[in-house]
Amino acid sequence: MENTLPDEPIIIITHMKNPKIIFTFVLFLFFGFSNAQKIGIVDTGYILDKLPQYKEAEARLNAQIDTWQSELQNLQSEYERKKSAFESEKVLLIGDQLKLREKEVMDLEKNIKTTTSLRFGANGEITKLRTNLVVPFQDQIWTAVKTMAEKNGLGTVLDKSDNNVLFLLPRYDYTEKVLTILLKGSAPSDKKEKTNSKSKK
């Protein structure tokens, strides 16, 4: 009985990690259960670093992180200044004045802890933004890997960014082939302009 082959390869995204991709996938092209599969490796972290759109998005994210870090430092400075003033002057404060100044210092300390956790914590905004940063490019890389695998007859494609590749001969590294496909597809208008200018000449 002949093996029935799916029309499309199956891509399994096994996990995502920070800061740089990210995502790890295994691409299976079924050439028949009895046939040995040809394996290739790609480095998705390297690929992302070479995509201009990703670098622009990463730069915007880093600028936002710098702004948040500056705001947190300002809060910390304000807290230390007011705490120091309170410690120096509390012997002169009485009743509601003492409670008000003490509450002001405690509220600042609480605000710093909350801001640190919400933005810089393990599950904070920065972690989520770094994870989501790759999402717009995930389908592009998926398609490019699929195209490259079909052209080169690969049965399995593994991600070098996962750090599970202990040894790799250069001939099994298809990173540049995938990157070439992506870069060609990212600037179709440039190609058309060059073609049109040549035809006019």
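Just above, that's the structure.
Residues numbered from 1 in each chain as written. Predicted model: local features only at pLDDT ≥ 70, side-chain atom pairs only at ≥ 80, totals over all residues. Heavy atoms only, no water.

Visitor: What is the right way to look at the overall build of the chain in this model?
Guide: When helices and strands are counted, the chain shows seven helices and four strands. Beginning at the N terminus, the succession of helices and strands in the chain can be written as β-β-β-α-α-α-α-α-β-α-α. Across the 201 residues that make up the chain, the buried fraction comes to 30%. If you take every contact in the chain between residues at least 6 apart in sequence, the share linking residues at least 24 apart comes to 73%. Counting only carbon and sulfur atoms, one obtains 55% of the accessible surface of the chain, whose full area is about 13500 Å². (Helix = DSSP H or I, 4+ residues; strand = E, 2+ residues; numbered from the N terminus. Buried < 20%, exposed > 50% of the residue type's maximum accessible area, 1.4 Å probe, protein only. Contact = heavy atoms within 4.5 Å. Areas by Shrake-Rupley, 256 points an atom, 1.4 Å probe, with all protein chains shown as cover.)

Visitor: Just to check I follow, could you spell out a nonpolar patch on the surface for this structure?
Guide: A contiguous nonpolar patch, built from Leu166, Phe167, Leu169 and Tyr172 and spanning about 480 Å² of accessible area, is present on the exposed surface. Its relative accessible area of 67% is what places Phe167 among the exposed residues. (Patch = residues over 30% accessible without salt bridge, like charges linked within 9 Å, V, L, I, M, F, W, Y side chains within 5 Å. Salt bridge = Lys/Arg side-chain N within 4 Å of Asp/Glu carboxyl O.)

Visitor: Explain helix 5 (residues 135-152) to me, please; I cannot follow it from the model alone.
Guide: Structural remark: α-helix, 3.6 residues per turn; residues separated by three or four positions point the same way. Spanning 18 residues, helix 5 covers 26 Å between terminal C-alpha atoms, matching the ideal 26 Å at 1.5 Å per step. One or two positions beyond helix 5, positive phi appears at Gly153, with a value near 65 degrees. (Expected span 1.5 Å × (residues − 1).)

Visitor: It is not clear to me how the pattern of salt bridges should be interpreted in this structure. Could you clarify?
Guide: Oppositely charged side chains may form a pair once their charged atoms are brought near each other. Applying the stated criterion to the full structure yields eleven salt bridges. A salt bridge links Lys90 to Glu87; the nearest nitrogen and oxygen atoms lie 3.3 Å apart. Glu150 is paired through a salt bridge with Lys146; the nearest N and O atoms lie 3.3 Å apart. Highlighted residues: Glu150 and Lys146, both in helix 5, separated by four residues, approximately one helical turn.

Visitor: What should I look at first to understand the nonpolar core in this one?
Guide: The tendency in soluble globular proteins is for nonpolar side chains to be buried as a group. Counting 24 residues, the largest nonpolar core has Ile47, Leu48, Leu51, Met148, Val157, Val178 and Leu182 as the members making the most contacts within it. Membership of the second largest hydrophobic core comes to eight residues, among which are Leu72, Leu75, Phe86 and Leu108. (Core = buried A, V, L, I, M, F, W, Y, C linked by side-chain atoms within 4.5 Å.)

Just distances and angles here, no functional claims.
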